[in-house]
Every structure is written in structure tokens, then in C-alpha cells.
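Observations on the model geometry
Letter by letter, the chains look like this.
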Amino acid sequence: MRTLLLAFGLLAACNGGSTSAVALQGPCGDMCQDLVQDCAYAAFPTIESCYEGCLYAEEEGADVTAQATCIAGAVTDTCDTFAIVECEHAHGIF
């Protein structure tokens, strides 16, 4: 799973990570803000890398809404890394 996270992050970084802050919308935008800005989740160097990876997963048929809902619950109080990883395992997006 960590390899997949790293691959998404590197893919986005290689693409320049040029997603504007305005474009960060929907469940991917919310989830990436939670992970990168609010929790400083180390799997993504920038919010753009997270967003690009999420959009790619969504294009591949992943249920990013379910993932974002799970992540939102995991970060609400404490940015619980174990809960975030459980969300990843349960929904298999990142």
C-alpha cells in the first residue's frame, strides 16, 4: 500500500503538481486538505500530489466519496494515522 501511495505522489510530482487551489473541489479536495494541510500526512509532498492521485483513482472507478468520508472521521479530532490507514485498507484508493 505504501508503494502505491508513493507511486501516486511521484506521478503527480512528475506532472508538475500544477493543480490550482481553486480546482481542489469535491471529495478529493476535501480528503487531500484533511491529509496534507490539516494532518501533514507524509505520503504526499503537496496537496496537489494527493489531489492528482485521488483523481486518478476516481477515474479508475474508486469510490473516493466513501474514502473521503472515512478519512474525515479519522482526522476530526486527532489525525489518527492508524485510523487513516484503516480507511485506506477498507476502501483501497491510496
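As the structure is a prediction and not an experimental result, all values here were calculated from the model. (Residues numbered from 1 in each chain as written. Predicted model: local features only at pLDDT ≥ 70, side-chain atom pairs only at ≥ 80, totals over all residues. Heavy atoms only, no water.)

Bringing the overall build of the protein chain into the picture now. For the protein chain, the helix and strand inventory stands at five helices and zero strands. Relative to its 94 residues, the protein chain shows a buried fraction of 37%. Sequence-distant contacts, at least 24 apart, represent 66% of the contacts inside the protein chain between residues at least 6 apart. Of the roughly 5200 Å² of accessible surface on the protein chain, a fraction of 54% belongs to carbon and sulfur atoms. (Helix = DSSP H or I, 4+ residues; strand = E, 2+ residues; numbered from the N terminus. Buried < 20%, exposed > 50% of the residue type's maximum accessible area, 1.4 Å probe, protein only. Contact = heavy atoms within 4.5 Å. Areas by Shrake-Rupley, 256 points an atom, 1.4 Å probe, with all protein chains shown as cover.)

What follows covers helix α4 (residues 64-75). Here α4 spans 16 Å end to end across twelve residues, near enough to the 16 Å set by a 1.5 Å rise per residue. Among the residues of α4, Val 64, Gln 67, Ala 68, Ile 71, Ala 74 and Val 75 are the ones counted as buried. Looking down the long axis of α4, one finds its buried residues gathered within 120° of arc, a one-sided arrangement. Seen from the buried face of α4, the exposed residues on the opposite side, beyond 90 degrees, are Thr 69 and Gly 73. Contact partners of the buried residues in α4: α2 (26-38), α3 (47-59) and α5 (81-91). (Expected span 1.5 Å × (residues − 1). Arc of directions from axis to C-beta.)

Here we come to the state of the cysteines. This structure, assessed with the given rule, holds four disulfides. A disulfide bridge connects Cys 39 with Cys 79, and the sulfur atoms are separated by 2.0 Å. Disulfide Cys 39 to Cys 79: torsion about the S-S bond roughly -75°, handedness left-handed. Within this pair, whereas Cys 39 is found in the loop between α2 and α3, its partner Cys 79 is found in the loop between α4 and α5, the two being separated by 40 residues in sequence. Judged by relative accessible area, which is 22%, Cys 79 ranks as partly exposed. (Disulfide = S-S within 2.5 Å.)

As a further point, take the packing of aromatic side chains. Scanning the model with the defined rule gives one aromatic pair in all. Ring geometry for Tyr 41 against Phe 44: centres 6.5 Å apart, planes inclined by 40°, an arrangement best described as tilted. Just as Tyr 41 is buried, Phe 44 falls in that class too. (Phe/Tyr/Trp six-rings, centres within 6.5 Å; stacked < 30°, edge-to-face > 60°.)

To continue, consider the nonpolar core. Within the largest apolar cluster, 20 residues are counted, with the highest numbers of intra-cluster contacts made by Leu 35, Ile 71 and Ile 84. When contributions to this core are tallied by element, the ones reaching two or more residues are α2, α3, α4 and α5. With sequence-adjacent residues up to four places away left out, Leu 35 is seen in contact with Ala 40, Tyr 41, Phe 44, Cys 50, Ile 71 and Ile 84. (Core = buried A, V, L, I, M, F, W, Y, C linked by side-chain atoms within 4.5 Å.)

Turning to the packing of α2 against α3, a few remarks are in order. Packed helices, taken two at a time, are described by the angle between their axes plus the distance between the axes. The contact between α2 and α3 brings their axes to 9 Å, and the two run at 140°. The angle between α2 and α3 places the two elements in the oblique class. The handedness of the crossing between α2 and α3 is right-handed. Touching Cys 28, Gly 29, Met 31, Cys 32, Gln 33, Leu 35, Val 36 and Gln 37 of α2 are Ile 47, Cys 50, Tyr 51, Cys 54, Leu 55 and Glu 58, all from α3. Here the contact of α2 with α3 is composed, by residue class, of ten nonpolar, three polar and one charged. (Axes fitted to C-alpha atoms, helices over the stretch in contact; angles between N-to-C directions. Parallel < 35°, antiparallel > 145°, perpendicular 65-115°, else oblique. Left-handed = near helix turned anticlockwise from the far one by under 90°. Nonpolar A, V, L, I, M, F, W, Y, C, P; charged D, E, K, R; others polar.)

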